[in-house]
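Survey of secondary and tertiary structure
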Amino acid sequence: MAVDSQLASWEVFMQSKPGANYIHAGGVHAADKNMALQNARDTYTRRGEGTSIWVVPTDAIVASNPDDNDMLFDPANDKVYRMPTFYTMPEGAKAI
Amino acid sequence: MNTITKQQALYKYSLRLGDNALIHSYRLSEWCSNAPILEEDLALTNFALDMIGRAQAILGYAGQLGDMEKTADDLAYRRGEREYYNNLIIEMPNGDFANTIARLLFVSVYEFYFFSELQNSSDPTLAAIAAKTLKEVKYHMAHARDWVLRLGDGTDESRSRMQAAVSALWMYTGELFETDEAAAILQDANIAVDMPPLKEKWNAIVRQILADAAIAIPADEYMQTGSSKGVHTEHLGHILSEMQYLQRTYPEAIW
């Protein structure tokens, strides 16, 4: 693999409106946090997409290993009673 | 005794502001697909879009002030080189990245103070355009400043390129603060910006940034001049020949 000559990698999270969750928008390259913020602004907010930006060094993110997916996610899938749809709604209960 | 009317002065003053935005936009758009990294490519072309918006607004206004009513497009595509009044530094070729950044620093610091003052102009259109432009220019200035510090205080190569760029462009900075007859007439009417205080502010901040970046400040010796009379370097003609080719060859051509 070619050496990445384009500075360090950062992950960008955008908030679309005040109070909303920050959602992963993508990544940028930058030499430091100020530059990462500027590059994120230029790359992801040019059409009024957001009100706030977070940038996080990519290597500060701990990711789960896809090989562990069985262990991590399967147990949730075979226990239908964990899903709200498992329970029938009492007739006439409109406020639930 | 003035040789031009106030209206003619306002026309020329507006042309200069519009031409600076238009030609700087053209130069920055030349970086599209050529910048050192993708993010910088987006940043520079993003600035170019800011400037084309400003050019449209100001040239549109200028078009209502001339002898014949014209659109912003008429003024952009159907004026000769000698009728363009952009500052010489604006039309200089991009050179390397450091050169483009040095120009962006010189021009954006100038524009920051210029539009800060123009907000208070007694001409409501120019004041409104100035207020909108100021937000964009603040960002251009922060971006240019960061890169000058980074390159000046970076490797031996980046410092030598930044120094070469500052040294080469310095003689084009004096012209930014020139006052011609049009500006003098408009200043009496509280429309135009007073230049000497602007030059002082510009000098203070630019010298501070260059000092922080460990870049030597060139001596204020010979300064280039000419654009307020429509006298340009060889470079503007090449820009216009490419930019105006289509409208000159197929007049009235539209999308």
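Here's a quick rundown of the structure. (Residues numbered from 1 in each chain as written. Chains lettered and ligands numbered in written order. Predicted model: local features only at pLDDT ≥ 70, side-chain atom pairs only at ≥ 80, totals over all residues.)

1. Focus on the nonpolar core
Short version of the rule: By convention the nonpolar core is taken to be a set of buried residues drawn from Ala, Val, Leu, Ile, Met, Phe, Trp, Tyr and Cys and joined through C-beta atoms within 7 Å. Three exposure classes are used. Buried residues have 20 or more other C-beta atoms within 10 Å of their own C-beta, exposed residues have 12 or fewer, and partly exposed residues fall in between, all C-beta atoms being placed from the backbone. Here a helix means four or more residues in a row that DSSP labels H or I, a strand means two or more in a row labelled E, and each is numbered from the N terminus. Note that contacts rest on C-beta atoms placed from the backbone: two residues are in contact if these are within 7 Å.
Counting 76 residues, the largest nonpolar core has Ile58, Ile101, Ala102, Leu105, Phe106, Met162 and Leu169 of chain B as its most contacted members. With 14 residues, the top contributor of residues to this core is helix H5 (residues 97-118) of chain B. In this structure, Met162 of chain B is in contact with Ala98, Ala102, Val148, Leu151, Gly152, Ala213 and Ile215 of chain B, ignoring residues within four places of it in sequence. In this structure, Ala25, Ala30, Ala40 and Val55 of chain A belong to the second largest nonpolar core, which totals ten residues.

2. Description of the pairing of strand E2 (residues 22-30) of chain A
Residues and elements named next belong to chain A. Filter applied, for reference: Here the rule is simple: two strands pair whenever DSSP picks up at least two bridges between them.
Pairing of strand E1 (residues 8-15) with E2, which is carried by eight bridges, proceeds in the antiparallel orientation. Paired with Met14 across the bridge in E2 is Ile23. The antiparallel pairing of E1 with E2 creates a hairpin that spans six residues between the two strands, and Gly19 there sits at a positive phi of about 90°.

3. Considering the packing of helix H1 (residues 6-29) of chain B against helix H8 (residues 181-188) of chain B
Residues and elements named next belong to chain B. Condition: The axes used here are C-alpha line fits, helices contributing only the stretch in contact, and every angle between their N-to-C directions lies in the interval 0 to 180 degrees. Here a crossing is called left-handed whenever its near helix is offset anticlockwise from the far helix by less than a right angle, and right-handed whenever the offset is clockwise. Three classes are used, and their members are as follows: Ala, Val, Leu, Ile, Met, Phe, Trp, Tyr, Cys and Pro are nonpolar, Asp, Glu, Lys and Arg are charged, and the others, Gly among them, are polar.
At a closest axis distance of 8 Å, the pairing of H1 and H8 adopts a crossing angle of 115°. Pair H1 / H8 crosses with left-handed handedness. Residues Lys6, Ala9, Leu10, Lys12 and Tyr13 of H1 pack against Ala182, Ala183, Ile185 and Leu186 of H8. Among the residues making up the contact of H1 with H8, the classes are represented as seven nonpolar, no polar and two charged.

4. Examining the interface of chain B and chain A
At the junction of the two partners, chain B supplies eight residues and chain A supplies twelve residues. Sort the elements by how many residues they give to the side of chain B that touches chain A and helix H2 (residues 38-63) of chain B lands first, with four residues. Its residues placed into classes, the side of chain B that touches chain A shows three nonpolar, two polar and three charged.

5. Regarding the packing of H1 of chain B against H2 of chain B
Residues and elements named next belong to chain B. Rules: In these notes the angle categories are as follows: under 35 degrees is roughly parallel, over 145 is roughly antiparallel, 65 to 115 is roughly perpendicular, and the rest is oblique.
The N-to-C vectors of H1 and H2 enclose an angle of 155°; their axes lie 8 Å apart at closest approach. With respect to H2, the element H1 is oriented roughly antiparallel. You can see that H1 and H2 cross each other, and the crossing is left-handed. Judged by residue contacts, Tyr11, Ser14, Leu15, Leu17, Gly18, Ala21, Leu22, His24, Ser25, Leu28 and Ser29 of H1 engage Leu44, Thr45, Phe47, Ala48, Met51, Ile52, Arg54, Ala55, Ile58, Leu59, Tyr61 and Ala62 from H2. Residue classes in the contact of H1 with H2 are distributed as 16 nonpolar, six polar and one charged.

6. Quick notes on unusual backbone geometry
All names here are of chain B. We note that Ser33 has phi near 75°; this positive angle belongs to a residue other than glycine. With respect to the helices and strands, Ser33 occurs in the loop between H1 and H2. C-beta crowding within 10 Å serves as the criterion here: with 8 such atoms nearby, Ser33 is assigned to the exposed category. For Glu252, which is not glycine, the phi dihedral falls at a positive 70°. Tracing the sequence through the fold places Glu252 in the segment after helix H11 (245-249). Judged by the 5 C-beta atoms lying within 10 Å of it, Glu252 is exposed.

7. Some thoughts on helix H10 (residues 234-243) of chain B
Residues and elements named next belong to chain B. The cut-off we apply is this: Directions are taken from the helix axis to each C-beta atom, and the arc is the one they span.
Along H10, the positions that sit buried rather than exposed are Leu236, Ile239 and Leu240. Looking down the long axis of H10, one finds its buried residues gathered within 95° of arc, a one-sided arrangement. Exposed residues on H10 whose side chains face more than 90 degrees from its buried face are Glu234, Ser241 and Glu242. On its buried face, H10 is in contact with H1 and helix H4 (88-91).

It is worth stressing that arrangement in space is one thing and function is another; only the former is reported here.
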